[in-house]
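Okay, here's what each chain looks like letter by letter:
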Amino acid sequence: MSNSPNEIEAAYKYCQKVTKHHAKSFYFAAKFLPKHKQKPIYALYALCRHIDDEVDEAEVSSEKEAIAAVENWKVQLDLVYRKSITKNQKLKTDNQNLVLTAWADLLKTHNIKQEYGLDLMKGVLSDTHINRYETFDELYVYCYRVASTVGLMSSEIFGYTGANTLKYAEALGIAMQLTNILRDVKEDAAMNRIYLPQEDLRKFGVTGDQIFAGEFNAQFTGLIKFQIERARYYYAEAEKGIPYLEKDTRFTVLLASRIYARILDEIEKLEYNIFLKRVHTTKVQKIFLIPKTWREAKRMERQSP
């Protein structure tokens, strides 16, 4: 049984509402996309958000419930890809149904690999049982699953030329997730999670106990400086791929990259003491980024392959 145009439009409006509420920077940048690309991007974000939130809620009860929540999403998403979902599908909530309705519609025009969604679920689920990463290579896999997959799916909506473009989308996901990790060190520590690689802690003489205690010193400063340099490397790599995107999406992706990277600037303003407060970018800062970013995106048009 297919959904009516009104039902599909209602599904997209719900996805937009979710994006606007939970991802203010992402939503700000997405508003510069052409209308026909905004709706599927909202649907993409809403799916990621629902999976993440549901696992977080289930984890409060038990890891078993979190696994069950992910398995349910796997089944429902598989039905969408098989074009088997109907209005009578037994879903956990009406909101789930709205997200999947929007996804069923966007898949009519966008070739998004199902494996990206499955990898995302693996990454989200890993938060229920992994709270340390020994090496950066291990952390990279996590960042790929929870963030790069979103960039790879988004690329199919944005439009691009050349398969190599996807490696730049992967890099942007890594950069953004590393930024998230730096921003959330204090909050993650409160949940007994340290995402910064253990090998890096040892390299700079920082202990887990120090992070849990919120103890700031020169060694911790060195650790955070190093992490910021690593994140900026991936931002720089990612921006190499922007000229390969369709013209009507380049500004949005560059703006999203610059807004997120600005969080690193805010950490530097705190002189790397991220225990003081959770940094963020203000609406005014985002607006001030627009003119310069617009000019750079236009220059990229002239440099495009």
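Look above for the structure.
Rules behind the numbers
Within every chain, residues take consecutive numbers counted from 1 along the sequence as written. For this predicted model, a pLDDT threshold of at least 70 governs which residues receive local features, and a threshold of 80 or more governs which side-chain atom pairs are given and counted, while totals over whole chains, interfaces and linings are taken from all residues. Water and hydrogen atoms play no part in the side-chain values, which are based on all heavy atoms of the structure. Within this document, salt bridges are pairs made up of a side-chain nitrogen of Lys or Arg and a carboxyl oxygen of Asp or Glu, the two lying within 4 Å of each other. For the purposes of this entry, the term helix denotes a DSSP run of H or I that reaches at least four residues, the term strand denotes a run of E that reaches at least two, and both are numbered from the N terminus. Only protein chains enter the area calculation, which uses a 1.4 Å probe; residues under 20% of their type maximum are buried, those over 50% are exposed, and those in between are partly exposed. Under the convention used throughout, the expected extent of a helix is 1.5 Å for every residue step, that is, one less than its residue count. Counted as a polar contact is a pair of N or O atoms within 3.5 Å, where, for protein atoms, one must be capable of donating a hydrogen and the other of accepting one, and residues adjacent in sequence contribute only when both atoms are in side chains. Here, two residues are considered to be in contact whenever any of their heavy atoms come within 4.5 Å of each other. To count toward a patch, a residue needs a relative accessible area over 30% and no salt bridge; like charges are then connected within 9 Å, while nonpolar side chains (Val, Leu, Ile, Met, Phe, Trp, Tyr) are connected within 5 Å. Here the open area of atoms and residues is found with the Shrake-Rupley method and a 1.4 Å probe, where only the protein chains shown may cover a residue. When charges are counted, Lys and Arg contribute as positive and Asp and Glu as negative, whereas His and the chain ends are disregarded. Where a charge lies is defined by one atom per residue type: Lys uses NZ, Arg uses CZ, Asp uses CG and Glu uses CD. To form a nonpolar core, buried Ala, Val, Leu, Ile, Met, Phe, Trp, Tyr and Cys residues must be joined to one another through side-chain atoms within 4.5 Å. Only centres within 6.5 Å qualify two rings of Phe, Tyr or Trp (six-membered ring in Trp) as a pair; their planes then separate them into stacked at under 30 degrees, edge-to-face at over 60, and tilted for everything else. Convention adopted: a line fitted to C-alpha atoms gives each axis, helices being fitted over their contacting stretch, and angles between N-to-C directions are expressed from 0 to 180 degrees. Between 65 and 115 degrees an angle is taken as roughly perpendicular, under 35 as roughly parallel, over 145 as roughly antiparallel, and anywhere else as oblique. Crossing chirality is assigned from the near helix's rotation relative to the far helix, an anticlockwise turn below a right angle marking it left-handed and a clockwise turn marking it right-handed. Pairs of cysteine sulfur atoms within 2.5 Å are what we label disulfides.

**Things to note about the pattern of salt bridges**
Move 1: Counted by the stated rule, this structure contains 21 salt bridges.
Move 2: A salt bridge links Asp53 to Arg49; the nearest nitrogen and oxygen atoms lie 3.2 Å apart. Within this pair, Asp53 and its partner Arg49 are both found in helix α3 (residues 35–61), separated by 4 residues, close to a single helical turn.
Move 3: Look at Arg49 and you get partly exposed, because its relative accessible area is 24%.
Move 4: Through salt bridges with shared partners, one network takes in Arg232, Arg262, Asp265, Glu266, Glu268 and Lys269.

**Quick look at helix α6 (residues 114–126)**
Move 1: Along its 13 residues, α6 runs 19 Å from first to last C-alpha, staying within 8% of the 18 Å computed at 1.5 Å per residue.
Move 2: Looking only at α6, the buried set comprises Tyr116, Gly117, Asp119, Leu120, Met121, Gly123, Val124, Leu125 and Ser126.

**Describing the side chain of Lys37**
Move 1: Looking at the secondary structure, you find Lys37 in helix α3.
Move 2: Here Glu246 takes part through its side chain, which lies 2.6 Å from a polar atom of the side chain of Lys37.
Move 3: Those residues in contact with Lys37, other than ones at most four positions away along the chain, are Ile157, Phe158, Glu246, Asp248 and Thr249.

**Looking at a positive patch on the surface**
Move 1: On the surface, Lys20, Lys31, Lys35 and Lys283 cluster together into a positively charged patch.
Move 2: Tracing the backbone shows Lys20 in helix α1 (residues 5–22).
Move 3: A relative accessible area of 51% places Lys20 in the exposed class.

**Describing unusual backbone geometry**
Move 1: Located in the positive-phi region is Glu271, a residue other than glycine, with phi close to 55 degrees.
Move 2: Mapped onto the elements, Glu271 comes out in the loop between α13 (247–269) and α14 (283–303).
Move 3: Phi at Tyr272 is positive, roughly 75 degrees, even though this residue is not glycine.
Move 4: Mapped onto the elements, Tyr272 comes out in the loop between α13 and α14.
Move 5: On the accessibility criterion, Tyr272 (16% relative accessible area) is buried.

**Here's the deal with the nonpolar core**
Move 1: In terms of nonpolar packing, the biggest core is built from 100 residues, with Trp103, Leu139, Leu196, Ile224 and Ile267 touching the most fellow members.
Move 2: Discounting chain neighbours no more than four positions away, the residues touching Trp103 are Ala43, Leu44, Leu47, Leu77, Val80, Tyr81, Ile112 and Met153.

**As for the packing of aromatic side chains**
Move 1: Tallied over the full model, the rule gives 17 aromatic pairs.
Move 2: With 5.0 Å between their ring centres and 70 degrees between their planes, Phe251 and Trp294 make a pair best called edge-to-face. One end of the pair, Phe251, is in helix α13; the other, Trp294, is in helix α14, with 43 residues separating them in the sequence.
Move 3: Take Phe251: its relative accessible area is 8%, and that puts it in the buried class.

**Points about the packing of α1 against helix α5 (residues 94–106)**
Move 1: Axis separation between α1 and α5 bottoms out at 8 Å; the angle between their running directions is 110 degrees. Between α1 and α5, the angle falls in the class roughly perpendicular. The chirality of how α1 crosses α5 is left-handed. For the pair formed by α1 and α5, the contact residues are Glu7, Ile8, Ala10, Ala11, Tyr12, Tyr14 and Cys15 on the first element and Asn95, Leu98, Val99, Thr101, Ala102, Asp105 and Leu106 on the second.

**A word on the state of the cysteines**
Move 1: Enumeration over the complete set of coordinates arrives at 0 disulfides.
Move 2: Of all cysteine sulfurs, the one in Cys48 lies closest to Cys143, which takes part in no disulfide; the gap is 15 Å.

**Some points on the environment of Arg278**
Move 1: Relative to the assigned elements, Arg278 resides in the loop between α13 and α14.
Move 2: Residues Arg278 and Asn180 lie 98 residues apart in sequence; the distance between their C-alpha atoms is 10 Å.
Move 3: Filtering out sequence-adjacent residues up to four positions away, Arg278 remains in contact with Arg183, Asp184 and Glu187.

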